[in-house]
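The lines below spell out each chain.
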There are 2 protein chains.
Amino acid sequence: MTEKTLKKKTLIGQRIPKLDAPSKVTGEAHYLQDIALPGMLHGKILRTDRIHARILSIDTSEAKALPGVHAVITAEDTPVVPLGFGQDNPPLKGDRVRCTRDEIAAVAADTEAIAEKALKLIKVEYEDLPAVFTTHDALKEGAPVIHDKHPNNTPFTYDYEHGDVAKGEQESDVIVEDTFELHFVTHCCMGVSGIVADFDVEGNLTLYSQTQMPFLYKRDLAPVIGVPAEKIHVIQPIIGGAFGSKLDVYPFEPICVFLAKATRKPVRIVFSREEEFLASPTRQPMQLTMRSGARKDGTITFRDVTTLHDNGGYTSWGATTPFVMMQAFSSLYRIEHCRYNTTVVYTNNPYSGAFRGYGNLQATFAIESHMDKMAEALEMDPLQFRLHNAQDAGETTLQGLHLQTCGLKDCLTTAGERSDFVAKHAANRAGQKGPKKRGIGMASLFHVGGGAKIYHTDGCGTILKVDDYAKVTVLTGASEIGQGSETVIAQLVAEELGVPLTKISVVNNDSEIRPWDVGVHASRTTFIAGNSAQRAARKARQKILEAAATKFDTTAEKLDLRDGQVVRDDSGEPLMELGKLLRALHFRDKNEIVVTSEYYEPPSVMQDREFKGNVSPTYAFATQVAELEVDVETGVVNVTKVTAAHDVGRVINALGIEGQVEGGVIMGVGYATREHLLVNDGYVTNPSFRDYKILTAPEIPEVDFAFIETMDPEGPAGAKGIGEAPAICTAAAIANAFYNATGVRMYGLPFTPERVLRALKAAAGEPVA
Amino acid sequence: MTEKTLKKKTLIGQRIPKLDAPSKVTGEAHYLQDIALPGMLHGKILRTDRIHARILSIDTSEAKALPGVHAVITAEDTPVVPLGFGQDNPPLKGDRVRCTRDEIAAVAADTEAIAEKALKLIKVEYEDLPAVFTTHDALKEGAPVIHDKHPNNTPFTYDYEHGDVAKGEQESDVIVEDTFELHFVTHCCMGVSGIVADFDVEGNLTLYSQTQMPFLYKRDLAPVIGVPAEKIHVIQPIIGGAFGSKLDVYPFEPICVFLAKATRKPVRIVFSREEEFLASPTRQPMQLTMRSGARKDGTITFRDVTTLHDNGGYTSWGATTPFVMMQAFSSLYRIEHCRYNTTVVYTNNPYSGAFRGYGNLQATFAIESHMDKMAEALEMDPLQFRLHNAQDAGETTLQGLHLQTCGLKDCLTTAGERSDFVAKHAANRAGQKGPKKRGIGMASLFHVGGGAKIYHTDGCGTILKVDDYAKVTVLTGASEIGQGSETVIAQLVAEELGVPLTKISVVNNDSEIRPWDVGVHASRTTFIAGNSAQRAARKARQKILEAAATKFDTTAEKLDLRDGQVVRDDSGEPLMELGKLLRALHFRDKNEIVVTSEYYEPPSVMQDREFKGNVSPTYAFATQVAELEVDVETGVVNVTKVTAAHDVGRVINALGIEGQVEGGVIMGVGYATREHLLVNDGYVTNPSFRDYKILTAPEIPEVDFAFIETMDPEGPAGAKGIGEAPAICTAAAIANAFYNATGVRMYGLPFTPERVLRALKAAAGEPVA
C-alpha cells in the first residue's frame, strides 16, 4: 500500500468565485422583491411636492374609501419620534416639509397599483415657506430657519487641529490655496430600497430589511416605532448593493412598520427606481477651502482646511463625514501643522447619508490636487514630492493614528513604475498637438483599514459548529452586502480546518441566531469579522487536533488538518478522515461535538474630544494613476486606464479583491466624469438612469491591479480592509491627469463635457455662456 | 427612595401555556402544507393495488404525455437502495410488491390534480404471488417467502433472560398463563405526512421535513438518495403530531428527492388523509403468551413471555419494540426470574413503526392483566399485591436498570386513594344490578425517563446567546413535535437567567445552525435537551454574575438574577437591570458578549449482548386507575374517569405535563376501546376518520392528575421525561376495570361493542355468531 502524503496547501490568495455567485447568476437568489408572505400588502408613500412648506391639512378620506386599500396613515396616526443620526427627521411629517423627499402619508393596499392610485386621492394643503438652497444663503442673517432647534441652521461643527498652522505658514516657501466644490451623487444600488414588516400575534416584529447594521438598527428603530429592541427580529434578504446607503434608519422603514401595525398584516414597501433617486441618501456635497504649504526641499509644512457641508433638510450620517476627512487631512502625508474647521449647514436640499469613502473622496480630491500644485510650484516631479512626504510603517501620525504597517511608498513607486508615470507625465506636459490631449495623473489615499471605533465596541461575534461530516456552519455577526465577506470568512475558516470551501456554510442574515456586530462600515468586515471567524476556527482546530493527538498518541502541535484529513504535520502522512475523527469524538471517545465562539474586539480606541487617538487597528493606503484623453473641442473626458496599487495587508481572495478595486475605481471614475444628481431649487431633475449617468461597460477603463502585501500583524492572515479605499483617490488622479493633459485645473466635479468646456474657455479667457 | 427588593421566584412547576400556542390557535403557524416555494411542483405516488405480486411492466408513457406533468419516475429512473431500519424497503419497487402501501411510480406536476390524473394513466402489469397474513401462517413450512434474504420470514428474534424461570415455576404457589392478541392502530397525526425537497444550483438539498430525528435522518437518507449527508439541510416546519411515526425514513421521502432531482424544481408531497391511513406506519400487532407465577405471600416468582410480532412486508422501527417490552417484563416489578423470547415475522400486512410507548402498551396490557389475575388467585387486593412487588429507589433491576429514584409505591397509593380504589373495587365485585356495570381497574407502568442509549451517544447540544437586551436565543438540537419541549427548554433557561419567558427564543428546526441531537424518542427531550439547555444557561449565568461581581465589588455567589435584574442574593436588593449589565460588559467593561454551548451526554450505557445495562439515566413510573361503565346489552364501554398518578421527577410546566398526561390517557383509552386499523387480507378497509374511530371530545373521560415528584438528582430541576408514559398502562387499567365490572377478562383489544358482546356471550357460554 503506497501512502499518499498531503502537502500543506493554502486557500489564502487564491482566486475564489464568490460563494453566492451561482445562486445570483442563475436567478435562484431571493431578494427583497421576491418576498411574498401570506396575506402581504403593498405599501406606498406619498411624498411632498413642495420644498419648504407648512402642512395645513391632509385629507385621506377618498384614499381610504378606495376598494383594496387597507390603511392610509399620516403623522396623526403614528408616533412622531424623529429618526436618523441627527434625530431630526419624523417618519411622517405632520406639520412641515423641508425637502423634496418628505413623507406625508402612506397607504397599504392589496396591490402596488391600488396603493399608487390611493396616493393620488390624498389631498394636502400647504402654505409655502421661503426656502434656501446653498450653504452660504442658509448662513446669512435672516435666512429661513429649517429646524427651530437650530436657528442658525448649523446642527454641527467640527474643529480639528494639531501643530500650529501659523508657524507652518511662516516656514513655507510655497503656499497654495483653493476652493473646491463637490457635488451631489447617489449610490445607484442595483437593488432599490425596500422592507417587509411582519408582526406576529404576540407583537414580535420581523423585518426583512436590507440594513447594513442589523444590530444597531434594532437599537435605533425601537424608540421610533415603539417596539422594544428585543422584540425586533431582523432578517436580511440578499442585498443588491448598499455602499453605505443602508447604514441609517430612513422614514420608509418605520412607515412600513406603522402600516403593518395598522393593518395587522405583513406589508412590503419597495421603491420605484425614480423614488430611489429622489428618496435615498446622497454623498454629501460641500465647499472645501484648502490652504497648503511646503518648504523648498519638498517637505509639507501645513494644511488648513475649511469646509461648508450642505446637510440638506435633515441629518443622516452624511453630517459626520468630517470624522473621516480630518484623518486624510492630518495623516495621508506627514503634516506638522494641520487645522480643519467644518460647518454643517441645513438647507432645503436632499440630505445625504453614508457613502463608500465617507467624505474621503472629497477630501482627497482637494489634498491630491494640492499635492500636484505644490509639486509644480516646487518644480518637483509629483511622484517624488509625494514620496518625500510619505510616511513609513511604525509611525504614529499627529492625529494619533498608528501605522503598524504602511505600504504608501511601495504603492507610489509601484503605481509609478507600472504606469511609466514620470516619463508620460513629463511628455504630456511638454505639449501635445491636435484636439485630443492625453494626460496622466496620480493620487494617493489614506483610510481606516479595520473599522473605526466610533462606538464603545467595534467587535464582531462568531459561533462556529462542526458537524459529524466536517461540515462547518459559521454564524457570523457580519453582513453580506455584495462585498464578498461570506467568501472571505469561509476561506479563513476553511484554512484553519483544512476543509474545502464546499464544507463551509456562512450564516449571516438573521439577528436572532447570529452574534452581534457593529455593521458594514469603515472597511471593517474582512478585518474584524475575519479575525473573529479565524479565532473561532482556531479554537475548533485546537479541539480537533487534541482529540486526534489522544487517538494517535502524539501532541496536537505535531498534527495538521489538510484536505479533510488529519495528517502528521512533518510528513503529511494522512492519519484519519476528519469526519471520521469527529464522529469518533462524538460517538465513541468523548461524546463531544465541536462548537466554539469568539467575540473579536480590535485593539483600537475611541478618539478623545480633540479627535485624537488610534481609531482603527490598521490603515489602508493606495496610489492610483489615471490615464485619460480630453477632447478639448467637445469637452469629452475619456479615462482609458487606471493603475491601482493598493496596500491591502494581504490578499485573501484574489478574485474578490480585484472586484472590490475595480468596482471602486469605476465608482471613482463615475464620480469624476459622469455622475451628478442634479438638484435645482431643491428638486431632483434627473431621477432615472437615462439622465443620471453611471458608467456602463464600454466606458470602463482598463484597470491594472497591484497589491502591496504589508502583512498586517493584527489582520486575519495579514489582511486589511479595503472596501472603501478603491473609490477614494480616483477622482483626484483624474483631476491631476486632466491638468496634465490640458494645463487647466478644475476645482469641481464632475468633468462632464459642458463643465470641461466652460473650464477650458474660462482658462483661455474666452467668454462662457 | 424606597428600595424595592426582589424575592426569588421560580418558573418551575408553573402553569405555562405553550410558547407556540398563540401562533397555532390563530392560524399564523406555518405547517408543511403552507410551504410554497417559487416554481414548486406537486408530487404524487402511485401505490400498488396488489398485496404480493411480481411487477411485469410499468408503462408511464401516457402519464408523461399529460400536459402539466414534469416527471414520472419508477425504480428504473432512480437508485434502488433499500431504506428504513431494516434496510429492506426500496423507495420505488421495480420488481415486486409486498404489501398494500407499496410505491410503484411517482409523478411531479404543476398541480396535485394533474399529478393524480397522471397516476391513473400509469399501467402496471403484475403476476400475483401467494400471500400470507398471519404470523402463524408465515412461519409454516412452505409458506410464501416475503424477502428472499429471509427464507424463514424471520428477520429478527430477541431473547432475554435473567434468573431461572424453571426455578421460579417450582417456587410458585400460583401460576397463570394467557395469550394476548394486540391489534393494528395508527398514529392519526392531525398533520398528514409530507415533505418538500429543493436542490440549489450547487446540488445542496434542502428538505422541509417533519422528521423527529433531523440529524440521524441525514445519515440514513444520504445513501438512499445519493447525496452526501453534509449537503443535506433539514428544516422542520411546524409538525402536526408525530408520536414516533416520523422516526424512520419512509419511501415518500427519497421519492420526493428523486422527483426534485428529475425536474430540477422544488417538489412537495403531501399525503391525503386516506393515504395517511394506508401508507404511514402502525403500532406493531402481536401475539403475546405470558406465564407468571407468585408465592402465597404475594411475591412474584417468575415471568415467561413469548411474542410473535407481525412485522408486515418491511422492517421499520416497529420490529425493535422488544427492546422496550423486555424492560417492562423484567423491571416493572421485582421479578427474580424472567425470560422473554420474540420472533419478528414478515407477512404481507402493513408494516409498523415507532409509536408512543413502543411495545410497552402491549407488554403492560399483558403484565397488568396478569397482576390482577394473580392477585385474585391469591385473594389479595390488586393494590396490595402491586405494592408488595413494587421496587424502591436505589434498586437496580435484574436487567441492570438502576432506579435512582422510584415513585411507584407513591403512585400506587396516591392513585388508589384519590380514586377510592379498594372500596370501589370490592363493591363492584360484590355484584351490580341492571345492564350497566361499573368497573374500576388499575395498572402501573415502567418506562425509560431520559432516553435510551441505543446509539453510542444519546446526547443533545445547545448553543445559547444572550444579546444586549437580555434576549436569549437557545439553539437546541431538540425537535418540537407538539410535545412542548420548546416551552420546557425556555423555562429552564429563563430560570437560570432570571428573565421572563418572553425573553427566550428557542430555535429548534434547522439542522444547519443547531447542534446535534439524537431525535425525539424514548421520552428523552425534557431530560436530555433540558439538561443541555440548563447547563448552557448556567455557564451564561456564571459569566454574567462574574461580570456583575466585578462591577459591584463582590463575588458571583453573593449575587442572583431575578426579574431581569442583578440582585444581591441575600437581600434581594436590585443592583442593575440585566440588559444594562450586558451592555456594560459588551460596550464598556470587557467588550464581551455572552455565548455559551453545551453537549449533554446522559450517564447511561449501551446494553450488552444480553440486553443488560442501565440504558437510561432515569425511569418513569405511574399508576392509572380507570373507571368505566359497561353496557352488557349493547357492549358499549364508557370510560368515565382516569386517575393518573405519575412519577415525573418534578413538574416543570404544570400545564404542559397535564396536556401530556391527558393526551396519553386519551390515546390509551382510544387504543383500548375504539381504535382499530382493520386489515383484511392485507388491505386496510377503514382508511378514514369516519370508519377509524379516534376518541372525540364527548368521549374523553375526566382525568384526575397526581404528580409524584421524586426529584431526580440527574434530571433538569429534578424532572424525568414522561412523553410516552401516559399512554402505556391505560388499556391495562381498562381491561382490569372491565373485569371488575363484568367478571369477564378480555385478552385482546379493542373493547368495541362487537368484541365486548362476543366476549360476554362466550363467557356466558352463549353462541357467538
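Analysis parameters
Residues numbered from 1 in each chain as written. Chains lettered and ligands numbered in written order. Predicted model: local features only at pLDDT ≥ 70, side-chain atom pairs only at ≥ 80, totals over all residues. Heavy atoms only, no water. Contact = heavy atoms within 4.5 Å. Buried area = accessible area lost by both parts, 1.4 Å probe. Salt bridge = Lys/Arg side-chain N within 4 Å of Asp/Glu carboxyl O. Least-squares fit on C-alpha atoms with pLDDT ≥ 70 in both. Pairing = 2+ DSSP bridges. Helix = DSSP H or I, 4+ residues; strand = E, 2+ residues; numbered from the N terminus. Axes fitted to C-alpha atoms, helices over the stretch in contact; angles between N-to-C directions. Core = buried A, V, L, I, M, F, W, Y, C linked by side-chain atoms within 4.5 Å. Buried < 20%, exposed > 50% of the residue type's maximum accessible area, 1.4 Å probe, protein only. Arc of directions from axis to C-beta. Phe/Tyr/Trp six-rings, centres within 6.5 Å; stacked < 30°, edge-to-face > 60°. Lys NZ or Arg CZ within 6 Å of the ring centre and 35° of its normal. Polar contact = N/O pair within 3.5 Å; in protein donor to acceptor, adjacent residues only side chain to side chain. Parallel < 35°, antiparallel > 145°, perpendicular 65-115°, else oblique. Left-handed = near helix turned anticlockwise from the far one by under 90°. Nonpolar A, V, L, I, M, F, W, Y, C, P; charged D, E, K, R; others polar. Expected span 1.5 Å × (residues − 1).

Caption draft 1: The interface of chain B and chain A, seen in detail. With 45 residues of chain B at the interface, the matching set in chain A holds 45 residues. In this assembly, chain B packs against chain A so that about 3900 Å² is buried in total across both faces, 61% of it on carbon and sulfur atoms. Across the contact surface, chain B and chain A share 6 salt bridges. Among the ionic pairs, A:Glu512 bridges to B:Lys471, the shortest N-O distance being 3.5 Å.

Caption draft 2: Local environment of the relation of the copies chain B and chain A. Once chain B is rotated about the relating axis by 179° and shifted along it by 0.1 Å, it coincides with chain A to within an RMSD of 0.1 Å. The two molecules are tied by a two-fold rotation axis, judged by turn and shift. A symmetric contact is evident, with 100% of the interface residues of chain B recurring at the interface of chain A.

Caption draft 3: Layout of the sheet that holds strand 24 (residues 574-577) of chain B. Residues and elements named next belong to chain B. With respect to topology, 3 strands assemble into an open sheet ordered 22-23-24, the strand pairing being antiparallel. If you trace the sheet from one side to the other, it starts and ends with strand 22 (559-562) and strand 24, each paired once. Averaged over all pairs of adjacent strands, the angle between their axes in this sheet comes to 30°, without regard to strand direction. As defined by bridge partners, strand 23 (residues 565-568) adjoins strand 24 across 3 bridges and the pair is classed as antiparallel. Residue pairing in the sheet places Gln565 in a bridge with Glu577 of strand 24.

Caption draft 4: Just the sheet that holds strand 23 (residues 565-568) of chain A, in detail. Residue and element names in this part refer to chain A. One open sheet holds the 3 strands; their spatial order is 22-23-24, and the pairing between them is antiparallel. Since the sheet does not close on itself, it has two edges, and those belong to strand 22 (559-562) and strand 24 (574-577), each with one partner. Adjacent strand axes in the sheet meet at a mean angle of 30° when their direction is disregarded. Across the sheet, helix 16 (residues 578-589) lies against strand 22, strand 23 and strand 24, angled at about 65° from strand 24, the strand it touches most.

Caption draft 5: Up close: the nonpolar core. Core analysis: the largest hydrophobic core is formed by 134 residues, its most contacted members being A:Leu207 and B:Leu207. Discounting chain neighbours no more than four positions away, the residues touching A:Leu207 are A:Ile195, A:Val196, A:Ala197, A:Tyr217, A:Leu221, A:Ile232, A:His233, A:Val234, A:Ile235 and A:Val257. Listed in part, the 112 residues of the second largest apolar core include A:Phe421, A:Ala737, A:Met746 and A:Phe751.

Caption draft 6: Examining the pattern of salt bridges more closely. All names here are of chain A. One pass over the structure, following the stated rule, counts 102 salt bridges over all chains. A salt bridge links Lys590 to Glu592; its shortest N-O distance comes to 3.7 Å. Taking the relative accessible area as the measure of exposure, Lys590 reaches 51% and is therefore exposed. Several salt bridges converge on common partners, so that one network encompasses Lys8, Arg541, Asp560, Arg562 and Asp569.

Caption draft 7: Inspection of helix 13 (residues 421-429) of chain B at higher detail. Residues and elements named next belong to chain B. Looking at helix 13, one finds that the buried residues are Phe421, His425 and Asn428. Take helix 13 and look down its axis: the buried residues cluster within an arc of 70°, on one side only. Contacts made by the buried residues of helix 13 are with helix 10 (360-378), helix 11 (382-389), helix 12 (408-419), strand 18 (436-448), strand 26 (619-631) and helix 18 (730-742). Following helix 13 by one or two positions, Gly431 has its phi on the positive side, about 110°.

Caption draft 8: Structural context of the packing of aromatic side chains. Summed over the entire model, instances satisfying the criterion amount to 36 aromatic pairs over all chains. Relative to A:Tyr692, the ring of A:Phe277 lies with its centre 5.1 Å away and its plane at 50°, an arrangement referred to as tilted. Highlighted residues: A:Phe277 in helix 8 (residues 273-279) and A:Tyr692 in the loop between strand 29 (683-684) and strand 30 (702-708), separated in sequence by 415 residues. For A:Phe277, a relative accessible area of 3% corresponds to the buried category. A:Tyr692 gets classed as buried once you look at its relative accessible area, which sits at 0%. Relative to B:Trp516, the ring of A:Phe587 lies with its centre 5.3 Å away and its plane at 90°, an arrangement referred to as edge-to-face. Of the two residues, A:Phe587 sits in helix 16 while B:Trp516 sits in the loop between strand 21 (504-507) and helix 15 (525-551), which places them in two different chains. B:Trp516 matches A:Phe587 in its accessibility class, with the two residues each being buried. An aromatic cluster of three or more residues is present, and its members are A:Phe85, A:Phe156, A:Tyr158, A:Trp317, A:Phe323 and A:Phe611. In this structure, A:Arg283 is placed above the aromatic ring of A:Tyr671, and the distance from its NZ or CZ to the ring centre is 5.3 Å.

Caption draft 9: Quick peek at the side chain of B:Thr347. Residues and elements named next belong to chain B. Its location among the elements puts Thr347 in the loop between strand 17 (337-346) and helix 10. In this structure the side chain of Thr347 is engaged in a polar contact, spanning 2.6 Å, whose partner is the side chain of Asp310. Leaving out residues up to four positions away in the same chain, Thr347 has contacts with Arg98, Val132, Phe133, Thr134, Thr135, Ala138, Ile146, Asp310, Gly312 and Gly313.

Caption draft 10: The environment of B:Val488, seen in detail. Residue and element names in this part refer to chain B. Relative to the helices and strands, Val488 resides in helix 14 (residues 485-497). Taking the C-alpha atoms as reference points, Val488 and Ile73, 415 residues apart in sequence, are found 44 Å from one another. Not counting residues up to four positions away in its chain, the partners in contact with Val488 are Thr526, Ile652 and Asn653.

Caption draft 11: Region of interest: unusual backbone geometry. A cis geometry characterises the amide bond from A:Leu749 onward to A:Pro750, with omega recorded as -5°. Positive phi values are uncommon outside glycine, yet A:Ala717 reaches one of about 60°.

Caption draft 12: A look at the packing of helix 14 (residues 485-497) of chain A against helix 15 (residues 525-551) of chain A. Residues and elements named next belong to chain A. Remark: helix 14 packs on helix 15, axes separated minimally by 8 Å, with the N-to-C direction vectors making an angle of 25°. Comparing their axes, helix 15 and helix 14 come out roughly parallel. For the element pair helix 14 and helix 15, the recorded crossing hand is right-handed. Residues Ser485, Val488, Ile489, Leu492, Val493, Glu496 and Leu497 of helix 14 pack against Thr525, Thr526, Ala529, Gly530, Ala533, Gln534, Ala537, Arg538, Ala540, Arg541 and Ile544 of helix 15. Among the residues forming the contact of helix 14 with helix 15, the class breakdown is 10 nonpolar, 5 polar and 3 charged.

Caption draft 13: Here's a closer look at helix 17 (residues 654-673) of chain B. Residue and element names in this part refer to chain B. Taking 1.5 Å as the rise per residue, helix 17 with 20 residues should run 28 Å; its terminal C-alpha atoms sit 28 Å apart, in good agreement. Counting buried residues in helix 17 gives 14 out of 20 residues, a clear majority hidden from the surface. A side-chain oxygen of the first residue of helix 17 lies 3.2 Å from the backbone nitrogen of Leu655; this N-cap is Asn653.

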